[in-house]
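Below, each chain spelled out in residue letters.
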Amino acid sequence: MAVTLRRTSATTRASGSLSSHCVFNQLRNISKMANLKEVVSTLEKMAPLSLAESWDNVGLLIEPDVKKSIECVFLTNDLTEDVLEEAQNAKANLIISYHPPLFKPFKRIILKNWKDRITSRCLSQGIAVYSPHTSWDAVKEGLTDWLISCFDGSVTVLQPHSENPEFSHIVTVVSDTCEDSPLIVVNAFMELYPQFKLNNDLKILSTGHTQLKLLCNSNILSLFNEMTKYHYMSAFVQKNEMIPETDVGTGRLCHFREGLTIRNVIQRVKCHLKVNNLMVALARGSTLESTINSAATVAGSGASVLNGVNADLYLTGEMSHHEILDAVHNNVTVILANHSNTERGYLKVFADNLSQKIPQLRVCISNVDRDPLLFV
């Protein structure tokens, strides 16, 4: 680009100096802008995708080919066409939709289907879509902890999370004589079976003259069986099971510091979720003035997790008729708020957290996103 230099008056020079300063600030701001990879990395650190349920579809779901800096992140519970229009008006570069808008595999993308239209429009407009779903539910101080926070008491996780270990088995190889070193024998067999790789199929934990302890996967267990046939050695195998994390996982149970009447609990939940109406099924023999001392919560549809939990109250979004009957006949009161009403309030909490992590982002929350069911 050619640059023309010319003399200027003092006024023009001053104006030019100011203009250069503005350009410098603009360039500095641009250099601070986050890209999609950086934002996604932050999101995954805030709620690791490994915490999500195995059936879930979480993470970056739509990645446009057009690479843009992420200036505006738009939060919603459900990505509907109305929400997408709102996000476009807000000039969003990234939509974080708690519920994954893409769940089942696509065989074609055609405009007859509303989810296809959303996908097509996001790609054409360069809008990325990320879904955290059950990773938000499970993480410490995440959505489920927010949901249970309307009660004061001792909180525990209903189903603690336990990640699958890198290696499935622990093997201890012991030499029956002082002549053969287990480590030397294992290395010799590894040379005979080059398809097995150290630190990939097995990992040595500790070694001694007559004993070797290592981690491995099931595909290599036959190798130790072969070793014990031809050497005076014994191999002891046990499953490698990790201890569950106590503050991460599905569902929460709160034992209240002081007993609450069901009427008081209902008011607390309404205030916390910012809803005017709830559906309540009283435990058999209970009234609104009955005192309860504990509550179990699962966001969304929680019956499969809550079933059989020893609590005075179940708080969730939805349960079937027969699941509710089972609960009330087991002396459990049920409060239902509609599916997404138990989730949406967390968006404000997450928006504040994300703004602290990446201050240069403009974080917006949808105003049109709402539960499709209304009380009338």
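Quantities reported herein were computed from a predicted structural model and do not represent experimental measurements.

J.: Would you explain the overall build of the protein in this entry?
T.: The number of helices and strands found in the protein is twelve helices and 15 strands. Considering only contacts in the protein between residues 6 or more positions apart, those separated by 24 or more positions represent 74%. Put simply, the protein shows about 21,500 Å² of open surface, and 51% of that area lies on carbon and sulfur atoms.

J.: Looking at this model, I keep getting lost on the sheet that holds strand β5 (residues 153-160). Mind explaining?
T.: Working definition: the strands of a sheet are paired by backbone hydrogen bonds and lie parallel or antiparallel to each other. Across the sheet, six strands lie side by side as β5-β10-β12-β13-β14-β11; this open sheet has mixed pairing. Each edge of the open sheet carries a strand with a single partner, namely β5 and β11 (279-281). Each strand of the sheet is rotated relative to its neighbour by a mean of 20 degrees, with strand direction disregarded. Bridge analysis of strand β12 (residues 291-297) against strand β13 (residues 313-316) gives two bridges, and the strand direction is parallel. Bridge assignment links A296 to a residue of β13, and that residue is Y314. Packed onto the sheet, helix α9 (residues 262-273) meets β10 (249-261), β11, β12, β13 and β14 (333-336) and runs at close to 130 degrees relative to β10.

J.: How should I be thinking about the pairing of strand β3 (residues 94-97) in this particular structure?
T.: On any regular strand, side chains alternate: one points to one face of the sheet, the next to the other face. With burial as the criterion, each face of β3 is covered, one bearing L94 and I96 and the other bearing I95 and S97. Each parallel crossover has a hand, and the one from strand β2 (residues 72-76) via helix α3 (residues 81-89) to β3 is right-handed. The sheet contact formed by β3 and strand β4 (residues 128-131) spans three bridges and is parallel. Looking at the pairing, I95 lines up with V129 of β4. What joins β3 to β4 is helix α4 (residues 114-125), and the crossover it makes is right-handed.

J.: I would appreciate a short explanation of the packing of α3 against α4 in the present structure.
T.: In helix packing, the relevant descriptors are the interaxial angle and the interaxial distance, both defined with respect to the helix axes. Contact pair α3 / α4: the axes reach a minimum separation of 10 Å and the direction vectors enclose 15 degrees. With respect to α4, the element α3 is oriented roughly parallel. Seen from above, α3 lies across α4 with left-handed handedness. On α4, the residues touching E81, L84, E85 and Q88 of α3 are W114, R117, I118, R121, C122 and Q125. Tallied by class, the residues present in the contact of α3 with α4 amount to four nonpolar, two polar and four charged.

J.: Please clarify how the state of the cysteines should be interpreted in this entry.
T.: Put plainly, two cysteines are in a disulfide when a covalent bond ties their sulfur atoms together. Across all of its chains, the model carries zero disulfides by this definition. C72 takes part in no disulfide bond, and the closest cysteine sulfur, belonging to C364, lies 3.8 Å away. The exposure class assigned to C72 is buried, which follows from its relative accessible area of 0%. Not engaged in a disulfide, the cysteine C271 finds its nearest cysteine sulfur in C150; these two sulfurs lie 9.3 Å apart.

J.: Help me out: how do you make sense of the confidence of the model for the protein in this one?
T.: The predicted coordinates should not be examined in detail at positions where pLDDT is low. Averaged over the protein, the pLDDT score is 88; the fraction of residues at 70 or greater is 90%. For the stretch residues 1-30, pLDDT sits under 50, and the model shows one contact to residues farther than four places along the chain or on other chains.

J.: Whenever I open this one, the side chain of T172 confuses me. Can you help?
T.: In this structure, T172 sits in strand β6 (residues 169-175). For T172, a relative accessible area of 13% corresponds to the buried category. In contact with T172, not counting residues within four places along its chain, are Q211, L212, K213, S234, A235 and F236.

J.: Would you mind showing me how to read the nonpolar core here?
T.: Considering soluble globular proteins, one finds that nonpolar side chains tend to be buried as a cluster. Formed by 50 residues in total, the largest nonpolar core has its most connected members in L94, I96 and F151. Those residues within four positions of F151 in sequence are excluded, and the remaining contacts are C254, F256, L260, V265, R268, V269, A295, L313 and L315.

J.: Can you walk me through the packing of helix α2 (residues 36-46) against helix α12 (residues 346-357) in this structure?
T.: Look at α2 against α12: their axes get within 11 Å of each other, and the N-to-C directions meet at 125 degrees. Classified by the interaxial angle, the pair formed by α2 and α12 is oblique. Regarding α2 and α12, the two cross each other, and that crossing is right-handed. Contact residues: α2 offers T42, L43 and M46, while α12 offers F350, N353, L354 and K357. Taken together, the residues of the contact of α2 with α12 break down into four nonpolar, two polar and one charged.

What counts and what doesn't
- Residues numbered from 1 in each chain as written.
- Predicted model: local features only at pLDDT ≥ 70, side-chain atom pairs only at ≥ 80, totals over all residues.
- Heavy atoms only, no water.
- Helix = DSSP H or I, 4+ residues; strand = E, 2+ residues; numbered from the N terminus.
- Contact = heavy atoms within 4.5 Å.
- Areas by Shrake-Rupley, 256 points an atom, 1.4 Å probe, with all protein chains shown as cover.
- Pairing = 2+ DSSP bridges.
- Axes fitted to C-alpha atoms, helices over the stretch in contact; angles between N-to-C directions.
- Buried < 20%, exposed > 50% of the residue type's maximum accessible area, 1.4 Å probe, protein only.
- Right-handed = clockwise from strand over helix to strand, strands pointing away.
- Parallel < 35°, antiparallel > 145°, perpendicular 65-115°, else oblique.
- Left-handed = near helix turned anticlockwise from the far one by under 90°.
- Nonpolar A, V, L, I, M, F, W, Y, C, P; charged D, E, K, R; others polar.
- Disulfide = S-S within 2.5 Å.
- pLDDT = per-residue confidence, 0-100.
- Core = buried A, V, L, I, M, F, W, Y, C linked by side-chain atoms within 4.5 Å.

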